[in-house]
Amino acid sequence: MAKSLKFSDAIADYNAIMRDIEARRFAPIYLLTGDEGYFIDAIAERLSNTILNEAERSFNQVVVYGQDSDTGKIVMLCRQMPMMGSYQVVIVREAQQLLKIDNLVHYTSSPQASTILIICYKNKEQGRGLDKRTAFYKSCQKCGVVFESVRPREYEIDTWLSSYLQSTGLRFEPKAMAMLKEHVGMDIARMVREIDKLGVSMPEGERAVTDTHIEQYIGLSKEFNSFELNDAVMKRDVGRAMRIADHFGHNPKSYPITQTITILFGLFQQLFLLNYYMWLSRSKGMAMPAEGELMRAVRAHNPFALRELRDNIGRWTGPQLFHVLGLLREYDAKSKGINSGGLDNGELLKELLLKILM
């Protein structure tokens, strides 16, 4: 069985394709596929804006949509010659909605040098990827470029995010970044839109993004969010935790309990792992890992997060942490309707927090 592509591999491929486009090294076919739409759209947009100048695009660039087209029409478009230029560009957007896409093999097996065909196929919306065993897929590999866009896992996004932030000149304080990531989740396109919004909204000369900026320009509360709930729970601040839970209960669409429990579970996993390494150091005489290694071991995203864990680990014993992880699994099931006792999600969250903290 072939290994699944890693996010880091997809980013390396993406950067290589972007460099080739910048150097005007074009392939006759670009099959852009995968479940992370941002990189597919970014490559297609860069090709669209680079291959032809603005005047040439009026005559030699055609955009069709899978739902409104068919393979015969696309093949016919690709066989045409450019008008007053070296290339014509055919872009197929939403190709996952194109019926009998494999019939494009009649063109992709023998493409024209003067046509650049760009196929944007987003697996996410189709529910399945392209069959890599087909003649169509293999012909795209042989005659052109195939790019598979991989959606990152939470622990994989930080390296890419740091690189993107560096290109914008913005610097995020840890709390501001935690708030933004909670708001957009793993949707990279939405993450980029929000970061770009901040880039144009920040006061002139200010590049350090704080929680106040997130509240002002993104519209998130800097007092009521999962970052603050984690902080209150970790510090055993019952009053603050219950106020945040009450806010979450009144805004269930913005703060779904399943997401809140997942975030709390991640926090207590980190505390449990840190407690374990400290136990090894005390009981077995093993040296504590260096900071960078310890960050990776306990899955802390930055030195600030590791410092917070270290500052508060003394509030929790190993048995308490193990018990809390069990509670979180129990209430995750309850939040999905299993033995919930008729409580709504807001009340379930309050009950969970009281059991954790009291």
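Quick caveat, the model's predicted, so the values are computed rather than measured.

Chemist: Talk me through the sheet that holds strand 1 (residues 29-34); I want residue IDs and the actual numbers.
Modeler: Read across the sheet, 5 strands follow the order 2-3-4-1-5 without closing on themselves; strand pairing throughout is parallel. The open sheet is flanked by strand 2 (61-65) and strand 5 (145-149), the only strands paired with a single partner. Sheet twist, expressed as the average angle between the axes of neighbouring strands with direction ignored, equals 10 degrees. Judged from the 5 bridges that link them, strand 1 and strand 5 form a sheet pairing that is parallel. Among the inter-strand pairings, T33 is bridged to a residue of strand 5, identified as E148. Each of strand 2, strand 3 (88-93) and strand 4 (115-122) is contacted by helix 4 (residues 71-79), which is oriented at about 160 degrees to strand 3, the strand it contacts most. Docked against the sheet, helix 7 (residues 135-143) engages strand 1, strand 4 and strand 5, running at close to 125 degrees with respect to strand 1.

Chemist: Account for the side chain of Q96, naming residues and giving values.
Modeler: Residue position: Q96 is located in the loop between strand 3 and helix 5 (105-108). Under the relative-accessibility criterion, Q96 is labelled buried at 3%. Here E94 takes part through its side chain, which lies 2.7 Å from a polar atom of the side chain of Q96. For Q96, the side chain forms a polar contact with the main-chain nitrogen of K122, separated by 3.0 Å.

Chemist: How would you explain helix 15 (residues 291-298) if you had to name every residue and give the values?
Modeler: Listed as buried for helix 15 are L294, M295 and V298. Looking straight down helix 15, one finds its buried side chains confined to an arc of 105 degrees; they lie on one side. Where helix 15 ends, the next residue or the one after it, R299, has phi of about 65 degrees, a positive value.

Chemist: A description of the packing of helix 17 (residues 318-335) against helix 18 (residues 345-357) should follow, citing residues and the corresponding values.
Modeler: As a packed pair, helix 17 and helix 18 sit with axes 11 Å apart at the nearest point and diverge in direction by 170 degrees. As the angle between them shows, helix 17 and helix 18 are arranged roughly antiparallel. Contacts from V324, L327, L328, E330, Y331, K334 and S335 of helix 17 reach helix 18 at N345, L348, E351, L352, K355 and I356. Here the contact of helix 17 with helix 18 is built from residues that sort into 7 nonpolar, 2 polar and 4 charged.

Chemist: For the environment of A208, give the residues involved together with the corresponding values.
Modeler: Residue placement: A208 occurs in strand 7 (residues 208-209). Judged by relative accessible area, A208 falls into the partly exposed class, the value being 28%. Placed 35 residues apart in sequence, A208 and E173 show a C-alpha to C-alpha distance of 7.0 Å. Aside from chain neighbours lying at most four places away, what touches A208 is R171, M202 and H213.

Chemist: Kindly report on the layout of surface pockets, identifying the contributing residues and their values.
Modeler: Size it by volume and the largest pocket reaches roughly 1500 Å³. Sorting the residues of the lining of the largest pocket by element identifies helix 8 (157-168), strand 6 (171-172), helix 9 (174-184), helix 12 (226-234), helix 14 (257-284), helix 15 and helix 16 (303-312) as the ones contributing at least two each. When residues of the lining of the largest pocket are assigned to their parent elements, the largest contribution, 7 residues, is made by helix 14. Considered class by class, the residues forming the lining of the largest pocket number 19 nonpolar, 13 polar and 10 charged.

Chemist: Explain the packing of aromatic side chains to me, using residue names and the numbers behind them.
Modeler: Counting across every chain of the model gives 13 aromatic pairs. With 5.9 Å between their ring centres and 90 degrees between their planes, F26 and Y87 make a pair best called edge-to-face. Of the two residues, F26 is situated in the loop between helix 1 (7-22) and strand 1 and Y87 in the loop between helix 4 and strand 3; the sequence distance between them amounts to 61 residues. Classification of F26 by relative accessible area gives buried; the value is 17%.

Chemist: Hey, could you go over a nonpolar patch on the surface for me, with residue numbers and the actual values?
Modeler: On the surface, F59, M83 and M84 cluster together into a nonpolar patch covering about 370 Å² of accessible area. Structurally, the position occupied by F59 is in helix 3 (residues 54-60).

Chemist: Which residues make up unusual backbone geometry, and what values go with them?
Modeler: A positive phi angle, near 60 degrees, is found at R24, a position not held by glycine. Of note, R24 is situated in the loop between helix 1 and strand 1.

The rules behind these values
- Residues numbered from 1 in each chain as written.
- Predicted model: local features only at pLDDT ≥ 70, side-chain atom pairs only at ≥ 80, totals over all residues.
- Heavy atoms only, no water.
- Pairing = 2+ DSSP bridges.
- Helix = DSSP H or I, 4+ residues; strand = E, 2+ residues; numbered from the N terminus.
- Axes fitted to C-alpha atoms, helices over the stretch in contact; angles between N-to-C directions.
- Contact = heavy atoms within 4.5 Å.
- Buried < 20%, exposed > 50% of the residue type's maximum accessible area, 1.4 Å probe, protein only.
- Polar contact = N/O pair within 3.5 Å; in protein donor to acceptor, adjacent residues only side chain to side chain.
- Arc of directions from axis to C-beta.
- Parallel < 35°, antiparallel > 145°, perpendicular 65-115°, else oblique.
- Nonpolar A, V, L, I, M, F, W, Y, C, P; charged D, E, K, R; others polar.
- 1 Å grid on protein atoms, 1.4 Å probe; cavity = no way out; pocket = protein on both sides within 12 Å on 5 of 7 lines; lining within 4 Å.
- Points joined across faces, edges and corners; volume = space filled by probe spheres on them.
- Phe/Tyr/Trp six-rings, centres within 6.5 Å; stacked < 30°, edge-to-face > 60°.
- Patch = residues over 30% accessible without salt bridge, like charges linked within 9 Å, V, L, I, M, F, W, Y side chains within 5 Å.
- Areas by Shrake-Rupley, 256 points an atom, 1.4 Å probe, with all protein chains shown as cover.
- Salt bridge = Lys/Arg side-chain N within 4 Å of Asp/Glu carboxyl O.

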